[in-house]
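Here is how the chains run, residue by residue.
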Amino acid sequence: MKRNLSNNNLNEVKKLRTYHVNTPQYNLYNEMHKNQTFQYVKLKTKEYSKLNKCKMTIKKALALLDDFIDPSDPDLDVPNSIHAYQTAERIRKKYPDDKEFQIIGLIHDVGKVLFSFGEPSWSVVGDTYVLGCKFPKSIVYYDTLKNSPEYDKYDNTGIYKEKCGLENLHISYGHDEYLYNVLKNNKNHKISHKYLNIIRYHSFYPWHTEGEYRQFMNDNDYIILSDVLKFNDFDLYSKEDDTEITIEVKNYYDKILDEYFFGDLNW
Ligand SMILES: [Fe+2]
Ligand SMILES: [Fe+2]
């Protein structure tokens, strides 16, 4: 089932996510497609599941994004913390009473603190895709996947079973899976599971926007899909905003973060 987009929306998606060759985005995906193998994903998932890198508050992690500009994104050249507030503000405008959803807008990219542990960009940012089955042609810069040692190694189902569920797929490693794991395994916050899944799959464009990997979905994954798509509009279109991030805005989010997070998290 492909996503139903009106012509207007489709044009907007195209305008916002346009990928050219010989750009920083091309170079990043080229490295990603060469280096993210099935074994690499397993290794990184295991390494970061230990949560032994450091202890810090969610606010400290968010502040680290002041120093990170996402090189995979053709539509953003501001520090990621600005994108965080702009996404949250877009959600607040539409859902003024839904503080938890606003917080998800604010923190959804905080997993990019992986850069501060020395991870290369191709292991932090960019659209994600599945290892261990055939690469769908709708993946951004599909041609560079031909440099993957796993190109043409698998068929559509690969090592998986039909309807095995998204949670059993090995998805290329990056900030989605990392923050999902941090939030899943730290108990000193009140973020609910529904929102953890939005974080986990928000960069999984081949799945949520291109309609790929339907062979692996179970019934519950369709609920996750509709949650992720609802969030994606705020994540994507906030890149067109020039909302000013004032002290009042920052204070508002500091206050609601204090309601949902308690002390240091293990990272
Ligand atoms: Fe992201
Ligand atoms: Fe984002």
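Position numbers for residues count from 1 along each chain, tracking the sequence in the order it is written. Just so you know, chain letters begin at A and ligand numbers begin at 1, following the order they were written in. Given that the model is predicted, a residue must reach a pLDDT of at least 70 before its local features are reported, and side-chain atom pairs must reach 80 or more before they are shown or counted; all residues, however, enter totals for whole chains, interfaces and linings.

## Regarding the overall build of the protein
Strands are runs of DSSP state E lasting at least two residues, helices are runs of H or I lasting at least four, and both sets are numbered from the N terminus onward. Helices and strands together make up the secondary structure of the protein, namely 11 helices and four strands. Radius of gyration (C-alpha) of the protein: 18 Å, near the 18 Å computed for a compact globule of 267 residues. Seen through its principal axes, the protein has C-alpha atoms that stretch 50 × 45 × 40 Å. For the protein, the residues scored as buried account for 39% of the 267 residues in total. C-beta atoms are first placed from the backbone for all residues, and any pair lying within 7 Å is then listed as a contact. Pairs at least 24 apart in sequence give 76% of the contacts found in the protein among residues at least 6 apart. Within these notes, the globule rule equals 2.2 Å times the number of residues to the 0.38 power, and the radius of gyration is based on C-alpha atoms. Each residue is classified by how many other C-beta atoms fall within 10 Å of its C-beta atom, where C-beta atoms are placed from the backbone; a count of 20 or more means buried, 12 or fewer means exposed, and values in between mean partly exposed.

## What to know about the packing of helix α7 (residues 175-185) against helix α8 (residues 193-201)
Between α7 and α8, whose axes approach to 7 Å, the crossing angle comes to 155°. Our classification of the angle between α7 and α8 gives roughly antiparallel. Contacts from Asp176, Glu177, Leu179, Tyr180, Leu183 and Lys184 in α7 reach Leu196, Ile199, Arg200 and Tyr201 in α8. Basically, the charged four are Asp, Glu, Lys and Arg, the nonpolar ten are Ala, Val, Leu, Ile, Met, Phe, Trp, Tyr, Cys and Pro, and anything else, Gly included, counts as polar. The class makeup of the residues in the contact of α7 with α8 is six nonpolar, no polar and four charged. Helix axes are fitted to C-alpha atoms over the stretch in contact, other axes to C-alpha atoms as well, and angles between N-to-C directions run from 0 to 180 degrees. Note on angle classes: values under 35 degrees are labelled roughly parallel, values over 145 roughly antiparallel, values of 65 to 115 roughly perpendicular, and the remainder oblique.

## Observations concerning helix α2 (residues 24-35)
By this rule, a helix spans an expected 1.5 Å times one less than how many residues it contains. Over its 12 residues, α2 extends 17 Å from the first C-alpha to the last, a length consistent with the 16 Å expected when each residue adds 1.5 Å. For α2, the set of buried residues is Gln25, Leu28, Tyr29, Met32 and His33. Buried residues of α2 fall within an arc of 130° about the axis and therefore sit on the same side. Of all possible arcs, the one meant is that of the directions from the helix axis to the C-beta atoms.

## Section: the packing of helix α5 (residues 80-94) against helix α6 (residues 99-107)
Two measures define how a pair of helices packs: the angle their axes make with one another and the distance between the axes. Here α5 crosses α6 at 160°, and the two axes come no closer than 6 Å. Relative to α6, the element α5 lies roughly antiparallel. For the crossing formed where α5 meets α6, the hand is right-handed. Within the contact between the two elements, α5 uses Ala84, Tyr85, Thr87, Ala88, Arg90, Ile91 and Arg92 and α6 uses Phe101, Gln102, Gly105 and Leu106. Split by residue class, the contact of α5 with α6 holds six nonpolar, three polar and two charged. What makes a crossing left-handed is the near helix being turned counterclockwise from the far one by less than a right angle; a clockwise turn instead makes it right-handed.

## Overview of the environment of Asp70
Take Asp70: it is sitting in the loop between α4 (58-64) and α5. When the C-alpha positions of Asp70 and Ser148 are compared, they lie 23 Å apart, and in sequence the two are 78 residues distant. Once you skip the residues sitting within four places of it in the chain, Asp70 turns out to touch Leu76, Asn80 and Val125.

## As for unusual backbone geometry
Residue Asn22 is not a glycine yet carries a positive backbone phi of 55°. You can see Asn22 is positioned in the loop between α1 (7-16) and α2. Of note in this structure, Tyr213 is not a glycine but carries a positive phi near 65°.

## Remarks on the confidence of the model for the protein
pLDDT gives the predictor's per-residue confidence on a scale running from 0 to 100. With 95% of its residues at a pLDDT of 70 or more, the protein shows a mean pLDDT of 93. pLDDT under 50 marks residues 1-8. Its contacts with residues more than four places away, or in other chains, come to eight contacts.

## Overview of helix α3 (residues 38-49)
Relative to the 16 Å expected for 12 residues at 1.5 Å per residue, α3 spans 17 Å between its end C-alpha atoms, a close match to the ideal helical length. The first or second residue beyond α3 is Leu51, which carries a positive phi of 50°.

## Observations regarding the environment of Asp75
By the element assignment, Asp75 lies in the loop between α4 and α5. Asp75 sits in the partly exposed class, given 13 other C-beta atoms within 10 Å. Filtering out sequence-adjacent residues up to four positions away, Asp75 remains in contact with Leu16 and Lys239.

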